[in-house]
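Observations on chain architecture
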Amino acid sequence: MKAAHSESKAAKSDQMIVPERLHFSAGFWFALLGRPVGVTLDEDRIQITARSGVSAFKLVQLSATPEHESGLLWDTLVFQVGDQTLRVRGLRQGCDAATIQRFRERCSAWVGEQASSFKAEISSILMGAYLRDSHIEHLDAQINVMVSRSRRFYGGLSRDSRKAHEWLEDVYPLSAHKSRLREAFVKRKTQEHAAFFRSAESNPLTEEQTRAVILDDDRNLVLAAAGTGKTSVIVAKTLYMILEGMARPEEILVLAYSRKAREELQERLNHRLQVMQEVMPGRFPNDSRPQVSTFHSIGLKIMAQSGYIAKVSQFAEYPSSRKRWLTKQLDEYLHGGAEPITQFIGAIHPVCDPFEFESQREYERFHRDNVYETLNGDKVRSYQELLIGNWFYIQGIEHTYEPNYDRTAFSSLGYLYRPDFHINGTLIYLEHFGIDRKDNTRRDIDAVAYNDGIRKKREIHRANGTTLLETYHYEWCEGMLYASLEARLQEVGVVSDPRSWSEIHHRLNELNRVSQYAEVFDHAISAVRLERLSHDGIMNRFKQAKYANAEYFYPILIHLLDAYIKALKDTGEIDFEDMIIHAIDAVEEVRFEPTWKYILVDEFQDISQLRMDLLNTIMGKVSLPSLYCVGDDWQSIYRFSGGKLELTTRFEQLIGTASKATIQKTFRYNNSIAKVAGDFVMKNPEQYKKLITTADMADSPQVYVVDTRLSEVAHETDEGAKIRAIVETIRRNDPDGSIAVLGRYNFVLDNIRAALACSPELGRELIYWTFHGSKGLEADYCILAGFRQGRFGFPSENRTEEPVEALLPSLDGFSYSEERRLMYVALTRARKKSYIVTDPLAPSVFVEELMVGGDVDIRSPRFHEAYRASYKCPDCIDGYLVKRYKYGKTYYTCNGYPGCRTKAKACGECDGVMAEANLQRQCRSKDCTHIEYLCPQCARPLRLQRGSFGEFWGCSGFGARGNERCTYKTKKPAGSSAQVFQGLD
Ligand SMILES: Nc1ncnc2c1ncn2[C@@H]1O[C@H](COP(=O)(O)OP(=O)(O)OP(=O)(O)O)[C@@H](O)[C@H]1O
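Residues numbered from 1 in each chain as written. Predicted model: local features only at pLDDT ≥ 70, side-chain atom pairs only at ≥ 80, totals over all residues.

1. Section: the overall build of the protein
Rules: Helix and strand assignments come from DSSP, with helices taken as H or I runs of at least 4 residues and strands as E runs of at least 2, each series counted from the N terminus. Only the C-alpha atoms count toward the radius of gyration. The rule for a globule is 2.2 Å times the residue count to the power 0.38. A residue is called partly exposed when the number of other C-beta atoms within 10 Å of its own lies between 12 and 20, exposed at 12 or fewer, and buried at 20 or more, with C-beta atoms placed from the backbone. Each residue is represented by a C-beta atom placed from its backbone, and any two residues with such atoms within 7 Å are regarded as in contact.
The helix and strand inventory of the protein stands at 36 helices and 38 strands. Rg of the C-alpha trace for the protein: 41 Å, well past the compact-globule value of 30 Å for 985 residues, more than 25% over. Counting only C-alpha atoms and orienting by the principal axes, one finds that the protein spans roughly 155 × 70 × 65 Å. For the protein, buried positions account for 41% of its 985 residues. For the protein, restricting intrachain contacts to residue pairs at least 6 apart in sequence, the fraction spanning at least 24 positions comes to 67%.

2. A short note on the sheet that holds strand β25 (residues 739-743)
Selection criterion: Pairing between two strands requires that DSSP report at least two bridges joining them.
Here 6 strands make up an open sheet; going across it, the order is β26-β25-β27-β28-β24-β29 and the pairing parallel. Lying at the two open borders of the sheet, with one neighbouring strand each, are β26 (766-770) and β29 (857-858). In terms of strand pairing, β25 meets strand β27 (residues 779-785) through 5 bridges, oriented parallel. If you follow Ile739 over to β27, its bridge partner there is Tyr781.

3. Details of the site of the ligand
Definition in use: In this analysis a residue is considered near a molecule or strand if the C-beta atom, reconstructed from its backbone, is found within 6 Å of that molecule or strand. Ten residues, namely Ala, Val, Leu, Ile, Met, Phe, Trp, Tyr, Cys and Pro, are considered nonpolar, four, namely Asp, Glu, Lys and Arg, are considered charged, and the remaining ones, Gly among them, are considered polar.
Inspection of the region around the ligand gives 18 residues, with Asn203, Ala226, Gly229, Thr231 and Phe667 positioned closest. At 3 residues, helix α9 (residues 230-243) tops the list of elements feeding residues into the shell around the ligand. When the residues that make up the shell around the ligand are grouped by side-chain class, the tally is 4 nonpolar, 11 polar and 3 charged.

4. Quick look at the sheet that holds strand β4 (residues 53-58)
For clarity, the cut-off: The convention used is that axes are lines fitted to C-alpha atoms, helices contributing only their stretch in contact, and that angles between N-to-C directions extend from 0 to 180 degrees.
Judged by pairing direction, the sheet is antiparallel, and its 4 strands sit side by side in the order β1-β2-β3-β4 without closing on themselves. At either margin of the open sheet sits one strand with a lone partner, and together these are β1 (22-25) and β4. Looking at each pair of strands side by side, their axes are set apart by 10° on average, direction ignored. Those strands touched by helix α3 (residues 97-128) are β1 and β2 (38-42), and its axis lies near 130° from that of β1.

5. Quick look at the nonpolar core
Using the following cut-off: The nonpolar core is taken to be a set of buried Ala, Val, Leu, Ile, Met, Phe, Trp, Tyr and Cys residues joined by way of C-beta atoms within 7 Å.
Among the nonpolar cores identified, the biggest contains 203 residues, and Val222, Phe521, Ile599 and Ile783 are the most heavily contacted of them. For Ile599, the residues in contact, after removing those within four places along its chain, are Leu253, Leu255, Leu615, Ile618, Pro625, Leu627 and Tyr628. In this structure, Leu841, Tyr880, Ala904 and Cys907 belong to the second largest nonpolar core, which totals 17 residues.

6. Describing the pairing of strand β31 (residues 889-894)
Every regular strand shows the same layout, with side chains that alternate between the two sheet faces. Where strand β30 (residues 881-886) lies against β31, 6 bridges are found, and the strand directions are antiparallel. Bridging across to β31, Val882 finds its partner in Thr893. Connecting β30 to the antiparallel partner β31 that follows it, the hairpin turn spans 2 residues, and Tyr887 within it adopts a positive phi of roughly 45°. Both β31 and strand β32 (residues 903-905) contribute to a ladder of 3 bridges, which runs antiparallel. Residue pairing for β32: Tyr891 is matched across the bridge by Lys905.

7. Some points on the UniProt feature "binding site: ATP" (unreviewed entry) in the protein
Note the threshold: UniProt positions are given in the numbering used here, feature names are shortened, and annotations may be inferred rather than shown by experiment.
UniProt's feature table lists "binding site: ATP" (unreviewed entry) at Ala224, Ala225, Ala226, Gly227, Thr228, Gly229, Lys230 and Thr231, given in the numbering used throughout. When residues no more than four places from it in sequence are discounted, the contact partners of Gly229 are Gln209, Ile663 and Phe667. The residue Thr231 is located in helix α9 in this model. The class of Thr231 is partly exposed, set by 18 C-beta atoms lying within 10 Å. In contact with Thr231, other than residues within four places in its own chain, are Leu265 and Arg268.

8. A closer look at the packing of helix α23 (residues 535-544) against helix α24 (residues 550-571)
The condition is simple: Any angle between 65 and 115 degrees counts as roughly perpendicular, while under 35 counts as roughly parallel, over 145 as roughly antiparallel, and the rest as oblique. Crossings are classed by handedness, with left-handed meaning an anticlockwise turn of the near helix from the far one by less than a right angle and right-handed meaning a clockwise turn.
Between α23 and α24, the shortest axis-to-axis distance is 11 Å and the interhelical angle comes to 155°. In terms of their interaxial angle, α23 and α24 are classed as roughly antiparallel. Here α23 runs over α24; the crossing is right-handed. Facing α23, whose interface residues are His535, Ile538, Met539 and Phe542, α24 presents Ala550, Tyr554, Leu557 and Ile558. For the contact of α23 with α24, the residue count by class is 7 nonpolar, 1 polar and no charged.

9. Focus: the packing of helix α25 (residues 576-588) against helix α26 (residues 609-621)
In contact at an axis separation of 9 Å, α25 and α26 are set at 20° when each is read in the N-to-C sense. Regarding the angle of α25 to α26, the classification is roughly parallel. As for the relative orientation of α25 and α26, their crossing is left-handed in sense. Residues Glu577, Ile580, Ala583, Ile584, Val587 and Glu588 of α25 touch α26, and the partners they reach there are Leu610, Arg611, Asp613, Leu614, Thr617, Ile618 and Lys621. Its residues assigned to classes, the contact of α25 with α26 shows 7 nonpolar, 1 polar and 5 charged.

10. Thoughts on unusual backbone geometry
Glycine aside, residues mostly have negative phi, and peptide bonds are mostly found in the trans state. With an omega of -5°, the peptide bond running from Tyr172 to Pro173 counts as cis. At the junction of Tyr897 and Pro898, the peptide bond is cis and its omega measures out at 5° in the coordinates. Tracing the backbone through its elements, the reader meets Pro898 in the loop between β31 and β32. With phi around 50°, Asn918 is a residue other than glycine that occupies positive phi space. With respect to the secondary-structure elements, Asn918 resides in the loop between β33 (914-917) and β34 (920-923). By C-beta crowding, Asn918 is classed as partly exposed, having 16 other C-beta atoms within 10 Å.

11. Concerning the UniProt feature "domain: UvrD-like helicase ATP-binding" (unreviewed entry) in the protein
Within this numbering scheme, the UniProt entry marks residues 203-670 as carrying the feature "domain: UvrD-like helicase ATP-binding" (unreviewed entry). Secondary structure within residues 203-670 divides into 51% helix and 13% strand; the distance between the first and last C-alpha atoms comes to 18 Å.

12. Considerations on the environment of Asn798
Checked against the element boundaries, Asn798 lands in the loop between β27 and α33 (802-807). The class of Asn798 is partly exposed, set by 17 C-beta atoms lying within 10 Å. The sequence separation of Asn798 and Asp369 amounts to 429 residues, and the corresponding C-alpha distance is 4.9 Å.

13. Considering the confidence of the model for the protein
Cut-off, in case you're wondering: Every residue is assigned a pLDDT by the predictor, reflecting its confidence on a scale from 0 to 100.
Per-residue confidence for the protein gives a mean pLDDT of 91, with 96% of residues at or over 70. Both confidence scores are given for the complex: pTM 0.86, ipTM 0.97.

14. Structural notes on helix α16 (residues 383-394)
Rules: A helix is expected to span 1.5 Å for every residue after the first.
Spanning 12 residues, α16 covers 16 Å between terminal C-alpha atoms, matching the ideal 16 Å at 1.5 Å per step. When you tally the buried positions in α16, you get 10 out of 12 residues, the bulk of the element. Taken together, the buried positions of α16 are Gln384, Glu385, Leu386, Leu387, Ile388, Gly389, Asn390, Phe392, Tyr393 and Ile394. Two residues or fewer past α16, Gly396 is found with a positive phi of approximately 70°.

15. Here we look at the pairing of β25
With 5 of 5 residues buried, β25 lies mostly within the body of the structure. Burial along β25 is two-sided: Ile739, Val741 and Gly743 and Ala740 and Leu742, pointing in opposite directions, are all buried.

16. Regarding helix α6 (residues 174-192)
Two residues of an α-helix separated by three or four positions point the same way, owing to the 3.6 residues in each turn. Cut-off, in case you're wondering: Axes are fitted to the seven residues ending at a residue and to the seven starting at it; the angle between these axes is taken as the bend at that residue.
For α6, which comprises 19 residues, the first-to-last C-alpha distance of 24 Å sits more than 12% below the rise-based estimate of 27 Å (1.5 Å per residue). The largest bend in α6 is about 35°, located at Arg180. The complete set of buried residues in α6 reads Leu174, Lys178, Arg182, Val186 and Lys189.

Okay, here's the thing in structure tokens:
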């Protein structure tokens, strides 16, 4: 066998320096015919000479080891180049096996060397920096080429090259192995910088904090819980980047939520930088320090550097001035007469269709927290009654809401009859019946009994010679309510005398509606600007939210919004939203070129779309930017300022893939507070699940539910006095402990301040925070107040801000979700103990929920069911009867007013609640047996009297005058056989 032509022996012996040149020449027949054929391997290049000419390819293009085939007339070499097969025929027969082997080895060795050096390169990339998502695709493509080539040459690879190949196989694809690779990186950096992580903050960073600091993806999301040291992580992360040389201080932008938070963070950062300069000399520059900014200050800076110097409007500096200005604008708009006033009256009350409520409780809560007050000043029971009352007022028809009617109607109805409306000076009454065309009623109402009541009412009016006009729920549904009213009044000769629009406008001001409702427009304008909504965008949001008053609210909003924007433009001023909007424009139009490599955002859970747009715009203009977001979805409480929680909870869908870290060990509070607060907020399935651990452990509940009554015998609630008592107790046990009083609204705090004004020695040491204002703060003891039901309770069903809600970022469907998070924030401010002060007879649903869990310490027997049952309202689900005094008389009313209008008499013997049914009243108090019997004709109490024929029961209305007089008497009161009250005490 002839050997293929080989080059010099010297080259062969010294392959590593000058690789041997291997050549295969043409076989006999091809040479005879003069056909040029040959194959030469020279360094990393194979040259093929064939009839068609000379071609060459690099070894890198070989996708398999070359094959040799021996033929009858000539030999053939087969090359796989990419996915092509090249057959070089006509080679000299009987190629030397050793040469062929060397040829093949040369190919494998070359591939092996490539694999080894590529492995070294990839490994150093992975060792040197955190694997970023944006690098993976590109690296994976390269590894793929290398791995698939070396796999085909595997048999011929040296041991080292095989190892390199296996290593590459092991990490490929990086997309599937990134977690492992990143964790290995984190581990290495944790060890390498152990000294730094021990001293970057005043306490050594925990493992989870350290990991959070080392993350360095294109986008990073650090999810924490209250008191877990988010600020520590941001400070340490900033210092770490400088230490590692990842960025110079001026290439780092740290963003805080508010001016106050910015100052605190900057101060802490400066301090720690100074400490680290001493601890690790030479590792941190002395001449520059990273700057913390707010979004607004960075917006202003970008504007200024892009040449746009603008004055900040007083509307931004002093929010109350914007509200005043808007009130004036709104008032001027209403001078426009019929159309604007109709829009305004239509906009200010939430539409309520009673047939759409799922449950009685839902219906009652809605009416408890939403007051329908007509232009006449009547607080009516429903939205449709409001429309009727307003219509009467506008038409100039004098009327009375729920007038007294003849008491004798009691005997047929079983309650004292008050028709809905009475036309003053006539015998005409109007009832608005809640039925549809098929006589169906609201879900929770017994339709048969209701329709029976309608028939009885008609009969009563017939019997008494009064006129009953009727309107129906279905007429409202069909848009016929006003037409029906007009027709029915005309039929009975009631003539309307419409008021002038200026009189109605005046009345709206008299009732304070214009200034009150200007606030809603104020909030709506903020929402529109925060969400960057166009006019169409506004309408779309209203449609999505099925906001029923859109046709009235929208034109006023557009008018005010345009006027507001024009006012800013005319004066050349900007508001807060403008600061961001103009900054986005400046970056987009390259009037400002950002140089930040790293953007760190604190309180990310509250970021608005507008702020996010600014971040995205900056990130889009910087090469290799990294966004680092720290937040706590459980503490998202600024939706009204545009806070868009879904940017946190759906981070990857809305912003992009990210590396995530969780920090779940809290240093602020104990396990008891952590459990109560954590379980409470996680009731909402939309919140991330977290397993909070605590540095402090308590073996008994440290969240207390405290009665607003001072003592067990005290009847009146007195929140202020109770808080004073709690403060005194804390002071006795822990004289130096800090104490904060927290309330949902400022007025709650004002009331407590006023109550404590008489004890200046106590009041001076207290800190007062609203729940919102308490964010980021802590005290040893926190006293939480204002947990009542109702419109200004916590939480509330009030819908005044319904249009604003529709414009704000979307909210998850879980009820009271934002208020629930607010409660979490309030509960987690205490280092040692949290006190929730509430009235057992009107507790917020949140307190009810906490008490069920068994994790709180309930400090009063009055929270027990037996006590509360004595005061439970008989007519509604949530309400309790609360004692009132008027004109020297004691009585009870339901705290669900105006949704529930139940009243109860106070017991003449003990002041307890008198339960009433079956023509008798019985005291509900435990040891009281007082009973009153009622007159079956007029519902007044019966009095036991002595006459010439012995004792009898006579109506106490005997002495009344005229029609009011009742002469009923009986030997045995009708109610005496029935037991009203089963003795719940
Ligand atoms: N690794 C740590 N070891 C000990 N204490 C720590 C550690 N990290 C933070 N802390 C302490 O925990 C407390 C809470 O920290 P910080 O205020 O930063 O928490 P936060 O997560 O911002 O809380 P919040 O969200 O409730 O405002 C501080 O007193 C802080 O010094």
